[in-house]
Amino acid sequence: LQYYVYYGPDLPRLLRTYAELTGYPLLPPRWVFGLMQSRYGYRSRSELETIADTFRSKGLPCDALILDLFWFKEMGDLAVNLADWPDPGAMIAGLKEQGFRVMVIEEPYVTVKSRNYSEASGKGYLARHYDGSPYTFDFWPGECGLMDFSNPRTREWWTGQHRALLELGVAGWWTDLNEPTRHFQDMCHHGGSA
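Anyway, here's the lowdown on the structure attached to this text. Remember, predicted model here, so these are calculated numbers, not experimental data.

Rules used throughout
Residues numbered from 1 in each chain as written. Predicted model: local features only at pLDDT ≥ 70, side-chain atom pairs only at ≥ 80, totals over all residues. Heavy atoms only, no water. Disulfide = S-S within 2.5 Å. Salt bridge = Lys/Arg side-chain N within 4 Å of Asp/Glu carboxyl O. Buried < 20%, exposed > 50% of the residue type's maximum accessible area, 1.4 Å probe, protein only. Helix = DSSP H or I, 4+ residues; strand = E, 2+ residues; numbered from the N terminus. Pairing = 2+ DSSP bridges. Lys, Arg positive; Asp, Glu negative; His and termini not counted. Contact = heavy atoms within 4.5 Å.

**Description of the state of the cysteines**
Put plainly, two cysteines are in a disulfide when a covalent bond ties their sulfur atoms together. As enumerated under the stated definition, the model contains 0 disulfides in all. Cysteine Cys144 shares no disulfide, and the gap to the nearest cysteine sulfur, in Cys188, comes to 18 Å.

The following block contains the structure:
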């Protein structure tokens, strides 16, 4: 066990000393420091593209458009709902040409109707009851389970579910409700109790 003590006249000097020991963090891309437009859900590609066109026609700065809810069919799908968002790759590419990045919301919940629920449940990626059965509960998107990120296999699988979105051109994620909002005392995780 090693201890490091930092001493200095001010916070900037302390931070510099700390970074010299641990390494300096990479700067995030410049666009994340700009205006990010979001509201409680754009419901379709045409609605989002209209918002983008309005920003540009009025000469308003905006660097990212955030898709809250409604971009997926079920919470936990991590897939664009093509009925309302046809050809999302072309949409994202067109928005990027106009100077917009696209971010999407996700939460650590998977509804029982999600295309990913069977696999997540069957492979033990969800929080569970102490008898080992998946722990489901009623929440705003419906009956769902909570991803068990204390399990390394869960983290690896969940990460892989994002590959297709990265290939579409999604530039970032709004990872919401990671506290998590619904977390029950009788819920068991790979890493232990709630």
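So much for the structure itself; the text now carries on.
**Some points on the pattern of salt bridges**
The full count for this structure, using the stated rule, is 4 salt bridges. For Arg39, the salt bridge goes to Glu47, with nearest N and O atoms at 2.1 Å. Exposure remark for Glu47: the relative accessible area of 22% places this residue in the partly exposed category. For Arg45, the salt bridge is made with Glu49, and the minimal N-O distance between the two is 2.9 Å. Residue Arg45 and its partner Glu49 are located together in helix H2 (residues 45–57), separated by 4 residues, close to a single helical turn.

**A look at the sheet that holds strand S1 (residues 36–37)**
An order of S1-S2-S3-S7 is seen for the 4 strands of this open sheet, with the pairing classed as parallel. At either margin of the open sheet sits one strand with a lone partner, and together these are S1 and strand S7 (172–175).

**Thoughts on unusual backbone geometry**
If you check the backbone angles, Leu78 has positive phi at about 50° while not being a glycine. For Leu78, the location among the structural elements is in the loop between strand S2 (64–67) and helix H3 (88–97). Classification of Leu78 by relative accessible area gives buried; the value is 5%.

**Quick look at the pairing of strand S6 (residues 142–146)**
Burial analysis of S6 places 4 of its 5 residues in the buried class, which makes it a mostly covered element. Pairing analysis gives 4 bridges linking strand S5 (residues 136–139) to S6, with the strands arranged antiparallel. Paired with Thr136 across the strands is Gly145, a residue of S6. Once S5 ends, the chain turns through 2 residues before running back antiparallel as S6.

**Section: the side chain of Asp77**
Turning to its location among the elements, Asp77 is positioned in the loop between S2 and H3. Although Asp77 is buried, it makes no salt bridge; Arg115 carries the closest opposite charge, 4.8 Å away. Discounting chain neighbours no more than four positions away, the residues touching Asp77 are Ser114, Arg115 and Asn116.

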